[in-house]
Amino acid sequence: MWSFRVRGGVKLQYHKELSSEKAVVPMPLPRRLYLPLQQHIGAPALPVVVVGDTVLKGQLIAKAAPGLSAPVHASSSGTVVAIEEYVAPHPSGLRQKTIVIDTDGQDRWAELPKPITDDFPLGVTPAELNSRVAAAGIVGMGGAAFPSAVKLDLKSRYQLDTLLINGAECEPYLTCDDRLMREEAAAVIDGVRILAYALEVQSVVFAIERNKPQALAAIREAARVEPWIKVMALPTRFPMGSERHLVLACTGRETPSRKLTADIGVVVHNVATARAVARTVRSGEPLISRVVTVSGRGIREPANINVPLGTLVEDLLVFCGGLHPVPHKLIGGGPMMGAPLPSVQVPVVKGTSGVLALTADEVNDGAESPCIRCGSCVSACPCGLVPLEMAQLVRRGDLQGAQAIGLQDCVSCGSCSFICPSHIPLSHYFNFAKGQLGALDRDSRRQDRIRSLIQARNERAAREAEAKKAAAAARKAAKAAAAAASAAAPVDTPASQLEEST
Ligand code: SF4
Ligand code: SF4
């Protein structure tokens, strides 16, 4: 059924041994939590609390905005002490609206939705499950942070037949999904069954890279009673975890350019997302914590930690014994697709899979030199693009030209930058260009909307003027008709006058 026709990619040094044998440990509750309103792709959530409010663990503190969005819940009990701009976990270092909670140390739960304990078939409809996943604020936890309920709803627009569970975890250093599969295989498989039920698909493929033999064994064992779930061991090659490459490797189906995997009948969810879905269905708990790998040779005690969302990276580093020596780079996520952290003061959010403190010899950094046209980036690109040409176009500011040769098909895997002997930060150029094009697109959609509002206002004014004119004409006509009617009526001569005149 499957083939490894994935082209390009790179062979990496994985360094997973630093944390793969570290069982997940709970993070002590921090004194203060910072919960950004935007922890997902889409519009920021809208606060439903004000400064001074007392909140309970799991309580809704910001509801989803209309359209693509996800709500935010308090990850512990305490008091809202600020709703203000705070540094975002993004390389831009830009600030974004954040709800700040001083925890009270009691970790008191809010009342949660009733657990659904039925075995399959579940006593709820797929639509009810979707609403529960949406209300729990679950987003893709592999890094993309796409609201999961929106993905579950794709069945209303696409012919879906396959759910693909992404347990590849192809980024070096990261082991949070590996540990989750090893330690909570039954919950992960329960989540997979729930997702398949919500999506109404019959076929499930669970994909794991071969460098996680224990996770493969645990998931195979947990899925033994579900023969319709196919567990597949994938070769270890970056970026095997990229959605469209995973789909190609596991189903042989190629996602057309600028299309979704849903266009070819496949929806992909991450293992941590599956576990979060199981948790919200079985216990009512919204997404308020996640497993994070803290690793790299710049950290004293690499670990896998179950972290309440909103905990500062600084607190995580302290919990892991601190930095040693001072790292060359601090990264949020994996070293290939993650991004440098602007500060240790940023919070852990729903999409934070890792925090890496890398020393200089772990980083493939070097002074940038001119392109020698070696073609390595072209061979490495799993999307069949020509990174050197795209980068030249982006440098010249010709974003449309870069788009014409496939910029939007770039999955930001970083393979080209990694392989480049001239240390040209190719994928940074592409991320920048995609950001610019996104901003231009948003701007043009905003202009279109303004134009259509102005046009609607003009049309309304014209309609109102027309209606006024018609009403005035009708009044005038009615008046004229009344006058004509009164002129045409026979004169009513009183009887006395008649008598006199005869
Ligand atoms: S890998 Fe670097 S040096 Fe080689 S062709 Fe690509 S951009 Fe040029
Ligand atoms: S161009 Fe994009 S998809 Fe191709 S290797 Fe570079 S980052 Fe990856």
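For clarity, every value in this text was computed on a predicted model and none was experimentally measured. (Residues numbered from 1 in each chain as written. Chains lettered and ligands numbered in written order. Predicted model: local features only at pLDDT ≥ 70, side-chain atom pairs only at ≥ 80, totals over all residues. Heavy atoms only, no water.)

## Considering the overall build of the protein chain
Phase 1: A tally of regular secondary structure across the protein chain gives 14 helices and 17 strands.
Phase 2: Summarising its shape, the C-alpha atoms of the protein chain cover approximately 130 × 60 × 50 Å along the three principal directions.
Phase 3: Buried residues in the protein chain amount to 48% of all 502 residues.
Phase 4: Of the accessible surface of the protein chain, which amounts to about 23,500 Å², a share of 55% is contributed by carbon and sulfur atoms.
Phase 5: Here the protein chain carries 55 positive and 48 negative side-chain charges, and the mean point of each set is 4 Å from the other. (Helix = DSSP H or I, 4+ residues; strand = E, 2+ residues; numbered from the N terminus. Buried < 20%, exposed > 50% of the residue type's maximum accessible area, 1.4 Å probe, protein only. Areas by Shrake-Rupley, 256 points an atom, 1.4 Å probe, with all protein chains shown as cover. Lys, Arg positive; Asp, Glu negative; His and termini not counted. Charge placed at Lys NZ, Arg CZ, Asp CG, Glu CD.)

## Examining the packing of helix α1 (residues 126–135) against helix α4 (residues 185–199)
Helix packing for two helices is described by the angle between their axes and how far apart those axes are.
Phase 1: Interhelical geometry of α1 versus α4 gives an angle of 120 degrees and a closest axis separation of 8 Å. Looking at the two axes, α1 sits oblique to α4. Taken as a pair, α1 and α4 cross one another with a handedness that is left-handed. For the pair formed by α1 and α4, the contact residues are Pro 126, Leu 129 and Asn 130 on the first element and Ile 194, Tyr 197 and Ala 198 on the second.
Phase 2: For the contact of α1 with α4, the residue count by class is five nonpolar, one polar and no charged. (Axes fitted to C-alpha atoms, helices over the stretch in contact; angles between N-to-C directions. Parallel < 35°, antiparallel > 145°, perpendicular 65-115°, else oblique. Left-handed = near helix turned anticlockwise from the far one by under 90°. Contact = heavy atoms within 4.5 Å. Nonpolar A, V, L, I, M, F, W, Y, C, P; charged D, E, K, R; others polar.)

## So, the site of ligand 2
Phase 1: Inspection of the region around ligand 2 gives 14 residues, with Cys 381, Cys 410, Cys 413, Gly 414 and Cys 416 positioned closest.
Phase 2: If you list the elements that add at least two residues to the shell around ligand 2, you get α10 (387–395), α12 (415–419) and α13 (426–488).
Phase 3: In the shell around ligand 2, the residues fall into ten nonpolar, four polar and no charged. (Near = heavy atom within 4 Å.)

## Observations regarding the UniProt feature "binding site: [4Fe-4S] cluster 2" (unreviewed entry) in the protein chain
Phase 1: With numbering aligned to this structure, UniProt lists the feature "binding site: [4Fe-4S] cluster 2" (unreviewed entry) at Cys 381, Cys 410, Cys 413 and Cys 416. These residues run over 36 residues, yet every pair of their C-alpha atoms falls within 10.6 Å of each other.
Phase 2: With respect to the secondary-structure elements, Cys 410 resides in the loop between α11 (399–404) and α12.
Phase 3: Judged by its relative accessible area of 14%, Cys 410 is buried. (UniProt positions renumbered as here; feature names shortened; annotations may be inferred.)

## Looking at the environment of Lys 16
Phase 1: Within the element layout of this structure, Lys 16 appears in the segment before β1 (24–26).
Phase 2: C-alpha separation for the pair Lys 16 and Arg 220, spaced 204 residues apart in sequence, amounts to 21 Å.
Phase 3: If we ignore the near neighbours within four places in the chain, the residues touching Lys 16 are Glu 169, Glu 171, Tyr 173, Leu 174, Thr 175, Asn 211 and Lys 212.
Phase 4: A polar atom in the side chain of Lys 16 sits 2.8 Å from the backbone oxygen of Glu 169.
Phase 5: Within the structure, the side chain of Lys 16 is placed 2.9 Å from the backbone oxygen of Glu 171, a separation counted as a polar contact. (Polar contact = N/O pair within 3.5 Å; in protein donor to acceptor, adjacent residues only side chain to side chain.)

## Structural notes on the side chain of Glu 285
Phase 1: Mapped onto the fold, Glu 285 is located in the loop between α7 (271–283) and β13 (289–295).
Phase 2: With near-sequence residues (within four places) excluded, Glu 285 lies in contact with Trp 109, Leu 112, Arg 279 and Thr 280.

## Here's the deal with the pattern of salt bridges
Phase 1: Tallying each qualifying case throughout the model produces 20 salt bridges.
Phase 2: In this structure, Lys 22 and Glu 301 form a salt bridge, with 4.0 Å as the shortest nitrogen-oxygen distance. Of the two residues, Lys 22 sits in the segment before β1 while Glu 301 sits in the loop between β13 and β14 (303–308), which places them 279 residues apart along the sequence.
Phase 3: Its relative accessible area of 29% is what places Lys 22 among the partly exposed residues. (Salt bridge = Lys/Arg side-chain N within 4 Å of Asp/Glu carboxyl O.)

## Structural notes on the site of ligand 1
Phase 1: Near ligand 1 you find Cys 371, Ile 372, Arg 373, Cys 374, Gly 375, Cys 377, Leu 388, Cys 420, Pro 421, Ser 422, Ile 424 and Leu 426, and these make up its full shell.
Phase 2: Classifying every residue of the shell around ligand 1 by side-chain character gives nine nonpolar, two polar and one charged.

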